[in-house]
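This is what each chain is made of:
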Number of protein chains: 2
Amino acid sequence: MNDALKATLGSTLKSWIESANDPASDFPIQNLPFGIFSDAVNTRPRAGVAIGDWIVDLAALEDARLIDAHGTFHAPRLNDFIALGRERWRAVRIALSGLLAQGNATLRDDEALRRRALVPRPDATKHLPVEIPGYTDFYSSKEHATNVGSMFRDPKNALLPNWSEMPIGYNGRASSVVVSGTPVRRPNGQLKLPTEDRPVFGACRKLDIELETGFIVGRGNALGEPIACEDAESHIFGMVLLNDWSARDIQQWEYVPLGPFNAKTFATTISPWIVTLDALEPFRTATPAQEPQPLEYLRHRGDHAFDIELQVTLRAEGARRATTLSRTNFKLMYWSMAQQLAHHTVAGCNTRVGDLMGSGTISGPTPESCGSLLESTWNGQRPLKLEEGGERSFLQDGDEITITGWCQGDGYRIGFGECAGRILAARA
Amino acid sequence: MNDALKATLGSTLKSWIESANDPASDFPIQNLPFGIFSDAVNTRPRAGVAIGDWIVDLAALEDARLIDAHGTFHAPRLNDFIALGRERWRAVRIALSGLLAQGNATLRDDEALRRRALVPRPDATKHLPVEIPGYTDFYSSKEHATNVGSMFRDPKNALLPNWSEMPIGYNGRASSVVVSGTPVRRPNGQLKLPTEDRPVFGACRKLDIELETGFIVGRGNALGEPIACEDAESHIFGMVLLNDWSARDIQQWEYVPLGPFNAKTFATTISPWIVTLDALEPFRTATPAQEPQPLEYLRHRGDHAFDIELQVTLRAEGARRATTLSRTNFKLMYWSMAQQLAHHTVAGCNTRVGDLMGSGTISGPTPESCGSLLESTWNGQRPLKLEEGGERSFLQDGDEITITGWCQGDGYRIGFGECAGRILAARA
């Protein structure tokens, strides 16, 4: 990491945008996450960066020749910008950090430009930040895999033998990845009731969440040319929060032998702001010890986890207060993102800019740190009391689920914003 | 089906392109499958239709105002054309049939245009015909599911209870779908040998084929709005042949509990010409009887299978003769394409133009009609004798696999061309 880039991360750095200096803001000047937005004045989706209570319109800044992204900031998806490569992402980051830093008058004192280039964040509509050519979901939390294995297979041999040898993953459905705020309709499907010989058709009765993060591929690889584990992080543009909504009853009936399908293809929600790996750099930490030592293609030196606090809340319909369902941390994940990407490509699979890779449900060791209701209510057997709105085994119509995540720095935090969705009643 | 469209299918119809009238040609005037090609003279990939030994350059015909596809034939993928809708596909088909019919002089006698618009098929490079936003693979052959279940689970309960209730499917990897002729590199991965406690890393030793067909979605559906079974065929543009290359040893170790991943993401080959559902209409026939009767959302009246003969051959490196590994028929499939699409969307999943949906391995009731070596050699226990090149349990480097398929009409056939690939040695 060069000095100019390092300077964008300093904990004492402040912005002339006052709301960015609030220690509780998700979007201080050290963050600068990328997204796609539109607003009432300019309804064309375009690239922006979140800072404090504002969005910097990158297309407007590029038009003013203050940053250079080869015109890609006018596109309704970040893919073309991301495809320019890491040197360009970093150059833009350094330029933006300079423009927004306390004491820099270029944008601050140019009122006409400031009016064009700064949009109040609450007024803006956030769009899916990238076109997602492929979505893969991993299963990399040891606690989650152990919980699920205990529940549905054998508590004595909860973890299958392959789990400790590779980051198990499967292909998800990219078409139904939606941006935070999009309502989620309860799916219909086949339900196999224990009292009936044959399945019945109806609305899912065990609608669940999966608290995850995801990373966005910033540099693809050609078919047949695997990404080396040591090099894998250089292929990652950044991270988002992800809710892998799951219909547990549909899943239990359909998933043998080819894995989950309709139980998860009805919606996957991601947060709108992609936090770059550069912004996360100060929060790099060690992954849990891996035993047995992974095969060579899955080895990398140094630290490859990130200390990201995660929280999920549920607000019942009409309730004022939300209840915290879980608090956990991304650093608990057994397999790193680099290992996931190395494994994904080792047989020759190609990846593309914009590909989304989900972490898998992130669970800690206690019921309060589980990333799904399946685990925290133990398949509905131990309902959770809400602070307001009764109790829950699984989700009810009208429930609003919000995932938040942040890295806690010294007097500031690198936040992800929200990954939220409200449940609509099933289609009649 | 209107009269003009019906007229394009008449078995007595002939073309002034003589090679199209050969009863053994895959591409008579009744077929007119769409693809993307380029050639030495014009290296830009563009839309074409195969007829006899020729390709009709649709972009050239549109420039000459003989057909109208709103300029979409200049694109390097068919998605924009397909998105114009079924009425437009049909109008183009009717116009092309007229232009190519015996006795029509418009194109035949315009030598300058004919030189621009007719490209010798063997000289052309075929490209992937569509950009594939999503790839799903089903598992809809009862014989295949029974064989696999007998081999790896329990011969007495080979078919899992969910199999007879729904078209089981899973999300495939769209990025590695390649066009016929693309070499396929033997994948590396984790192999769990029975003699070892831990997996080893190495080249796949059980590389296999899966003889399939696939259909291309011609009209998508919005998130949350399922496609009704009765209406599903109107969402299908056409069909291709598909080889779902599979690394059986990687698959066996990795697939529990989330399904196949690296075992299948290294390559999936499709044939270059999309045969429209309209061209297949005369070969419509009944699916096998379904017992128990499917749930209501999976019911449709009438016939929904198609009588498509399928064959797969293997030619060893250096051999002159290929050996037929299997002959089977698409009409044996238990679940119809319409049922697959209805099931895929019933929980709310959206589909998009260009989505590829694989049938799953198509096996008949005998070893000679199995769609995979896994089945025909019973997991390698009964090697097959090749006519030239020794015997095979699984594929060897240099082997060339070719799938062909055709509907046999009265004096003509609606062919799919080839879906071929040759095995390259694994990466060192």
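Conventions adopted
- Residues numbered from 1 in each chain as written.
- Chains lettered and ligands numbered in written order.
- Predicted model: local features only at pLDDT ≥ 70, side-chain atom pairs only at ≥ 80, totals over all residues.
- Heavy atoms only, no water.
- UniProt positions renumbered as here; feature names shortened; annotations may be inferred.
- Disulfide = S-S within 2.5 Å.
- Buried < 20%, exposed > 50% of the residue type's maximum accessible area, 1.4 Å probe, protein only.
- Contact = heavy atoms within 4.5 Å.
- Salt bridge = Lys/Arg side-chain N within 4 Å of Asp/Glu carboxyl O.
- Polar contact = N/O pair within 3.5 Å; in protein donor to acceptor, adjacent residues only side chain to side chain.
- Helix = DSSP H or I, 4+ residues; strand = E, 2+ residues; numbered from the N terminus.
- Nonpolar A, V, L, I, M, F, W, Y, C, P; charged D, E, K, R; others polar.
- Pairing = 2+ DSSP bridges.
- Axes fitted to C-alpha atoms, helices over the stretch in contact; angles between N-to-C directions.
- Domains from an automatic or database assignment.
- Buried area = accessible area lost by both parts, 1.4 Å probe.
- Least-squares fit on C-alpha atoms with pLDDT ≥ 70 in both.

By the naming in an unreviewed UniProt entry, chain A goes by fumarylacetoacetase and is assigned to Caballeronia ptereochthonis. Per UniProt, chain A has the following entry under Sequence similarities (unreviewed entry): "Belongs to the FAH family." Of the comments in the UniProt record for chain A, the one headed Pathway (unreviewed entry) reads "Amino-acid degradation; L-phenylalanine degradation; acetoacetate and fumarate from L-phenylalanine: step 6/6."

This brings us to the state of the cysteines. Residue and element names in this part refer to chain A. Under the definition given, this model contains 0 disulfides over all chains. Just so you know, cysteine 419 is unpaired, no disulfide at all, and the nearest cysteine sulfur is the one on cysteine 407, 16 Å from it. Given a relative accessible area of 1%, cysteine 419 falls into the buried group.

With that settled, consider the interface of chain A and chain B. Counting residues at the interface gives 61 residues for chain A and 61 residues for chain B. Inspection of the chain A/chain B interface yields 6 salt bridges. A:Arg173 is the partner of B:Asp355 in a salt bridge, and the nearest nitrogen-oxygen pair spans 2.6 Å. Remark: the boundary between chain A and chain B carries 27 residue pairs in polar contact (both at pLDDT 80 or more). Those elements that provide at least two residues to the side of chain A that touches chain B are strand E6 (135-138), strand E7 (169-171), strand E10 (188-191), strand E11 (200-203), helix H8 (248-254) and helix H10 (337-345) of chain A. At 3 residues, the largest contribution of residues to the side of chain A that touches chain B is made by E7(A). Its residues assigned to classes, the side of chain A that touches chain B comprises 32 nonpolar, 19 polar and 10 charged.

Residues and elements named next belong to chain B. Read across the open sheet, the 5 strands follow the order E4-E3-E2-E1-E5; overall the sheet is antiparallel. Each edge of the sheet is formed by a strand with only one pairing partner; in this case those strands are strand E4 (118-120) and strand E5 (125-127). Recorded for the sheet is a direction-independent mean angle of 50° between the axes of neighbouring strands. By the bridge criterion, 4 bridges tie strand E2 (residues 46-51) to strand E3 (residues 54-57) in an arrangement that is antiparallel. The residue of E3 that forms the bridge with glycine 48 is aspartate 57.

All right, on to the domain arrangement of chain A then. Residues and elements named next belong to chain A. Taken domain by domain, chain A consists of domain 1 (3-127) and domain 2 (135-424). Residue-level contacts link 30 residues of domain 1 with 27 residues of domain 2. Regarding the contact of domain 1 and domain 2, the summed buried area is about 2,300 Å², with carbon and sulfur atoms giving 64% of it. When the area that domain 1 buries against domain 2 is broken down by residue, the three leading residues are Asp26, Ile82 and Trp89, summing to 22%. When contributions to the side of domain 1 that touches domain 2 are tallied by element, the ones reaching two or more residues are strand E1 (34-38), strand E2 (46-51), helix H3 (79-82), helix H4 (86-100) and strand E5 (125-127). The element that contributes the greatest number of residues to the side of domain 1 that touches domain 2 is H4, accounting for 4 residues.

This paragraph deals with the relation of the copies chain A and chain B. These two copies of the chain differ by a rotation about an axis and a displacement along the same axis. Note on the copies: chain A fits chain B at an RMSD of 0.0 Å, the axial shift is 0.0 Å, and the rotation between them is 180°. The symmetry that links the two subunits is that of a two-fold axis. For chain A, the minimum C-alpha distance to the rotation axis belongs to A:Gly259 and amounts to 2.2 Å. A high fraction, 100%, of the interface residues of chain A reappear at the interface in chain B, so the copies pair face to face through one surface.

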